[in-house]
Amino acid sequence: MYNWKNYVNDFKNSEVSDDRDKYSFGLSYTYLLRTGFFFLAILVLGGIALTDSLKNHYNIKMVISILLILYAVISLGRTLAYRITLDREILKYGKHRIKLTEIKSATLTIGRISASRVGRALEIISNDKKEYILNLNINHSIKFLKILEKRIGKKFLINEEG
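Fair warning: this is a prediction, and the values are worked out from it, not measured in the lab.

K.L.:
Could you give an account of the overall build of the protein, with specific residues and numbers?
P.N.:
A tally of regular secondary structure across the protein gives four helices and eight strands. The order of helices and strands in the protein, counted from the N terminus, is α-β-α-α-β-β-β-β-β-β-α-β. Taken over C-alpha atoms, the radius of gyration comes to 20 Å for the protein, far larger than the 15 Å a tight globule of 162 residues would show. Projecting the C-alpha coordinates of the protein onto the three principal axes gives extents of approximately 65 × 30 × 30 Å. A buried classification covers 38% of the 162 residues belonging to the protein. For the protein, contacts bridging at least 24 residues in sequence account for 60% of all contacts bridging at least 6. Within the structure as shown, the protein displays about 10200 Å² of accessible surface, and the carbon and sulfur contribution to it stands at 58%. Mean positive and mean negative side-chain charge positions of the protein (26 and 15 charges, respectively) differ by 5 Å.

In structure tokens form, the structure reads like this:
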């Protein structure tokens, strides 16, 4: 994982001009390669198991292979579709739409991204006490954070310890 103190220093020392109305950030290429390779391996293994089960008429193995292939295709599609969009007034990711004026605080920290993974995250708390955690495995994450910091001002916080 990227050294947290270096990441925070890079963030503090960077400058970004905020001249566009809309920015869009997708997953980083290294993250896409890692997860893409994993799901591709599942697809290949599921395909091999499916062809074997079709030859030998193993119905249970065929159903499991089809489920495995479906899981890999859906997961790969969701991974490729992950995008954070920052408009002038709205932050969009997945099905969530957060108005920048309704953000109570946005904290850059190391947090739990999923049930088993910890990484760089942006924890957003809205005025109605909803909590959102954004995975920062995106291209140009520092640029995204700098633009967000400019747009929400003093509501943007940094957890120095991670």
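K.L.:
Can you break down the sheet that holds strand S4 (residues 96-99) residue by residue, with the values?
P.N.:
Spatially, four strands are ordered S1-S2-S3-S4 in an open sheet, and the strand pairing comes out antiparallel. Looking at the sheet topology across the chains shown, the edges are occupied by strand S1 (23-26) and S4. Neighbour to neighbour, the strand axes of the sheet diverge by 15° on average, direction disregarded. Here S1 runs beside strand S2 (residues 83-86); their pairing, made up of four bridges, is antiparallel. Among the inter-strand pairings, Ser24 is bridged to a residue of S2, identified as Thr85. Each of S1, S2 and strand S3 (90-93) is contacted by helix H4 (residues 141-152), which is oriented at about 145° to S1, the strand it contacts most.

K.L.:
Explain the pairing of strand S5 (residues 103-112) to me, using residue names and the numbers behind them.
P.N.:
Remember that side chains alternate between the two faces of the sheet whenever the strand is regular. With seven of its 10 residues buried, S5 lies for the most part within the structure. As paired strands, S5 and strand S6 (residues 118-126) are joined by nine bridges and run antiparallel to one another. For Ile110, the partnering residue across the bridge sits in S6 and is Arg120. As paired elements, S5 and strand S8 (residues 156-158) share three bridges and run parallel to each other.

K.L.:
Run through the sheet that holds S6, naming residues and quoting values.
P.N.:
Pairing in this open sheet of four strands is mixed, and the strands run S7-S6-S5-S8 from one edge to the other. Two strands in the sheet have a free side with no partner beyond their single neighbour: strand S7 (131-135) and S8. Direction aside, the axes of adjacent strands within the sheet are offset by 25° on average.

Cut-offs used in this document
- Residues numbered from 1 in each chain as written.
- Predicted model: local features only at pLDDT ≥ 70, side-chain atom pairs only at ≥ 80, totals over all residues.
- Heavy atoms only, no water.
- Helix = DSSP H or I, 4+ residues; strand = E, 2+ residues; numbered from the N terminus.
- Rg over C-alpha atoms; globule rule 2.2 N^0.38 Å.
- Buried < 20%, exposed > 50% of the residue type's maximum accessible area, 1.4 Å probe, protein only.
- Contact = heavy atoms within 4.5 Å.
- Areas by Shrake-Rupley, 256 points an atom, 1.4 Å probe, with all protein chains shown as cover.
- Lys, Arg positive; Asp, Glu negative; His and termini not counted.
- Charge placed at Lys NZ, Arg CZ, Asp CG, Glu CD.
- Pairing = 2+ DSSP bridges.
- Axes fitted to C-alpha atoms, helices over the stretch in contact; angles between N-to-C directions.

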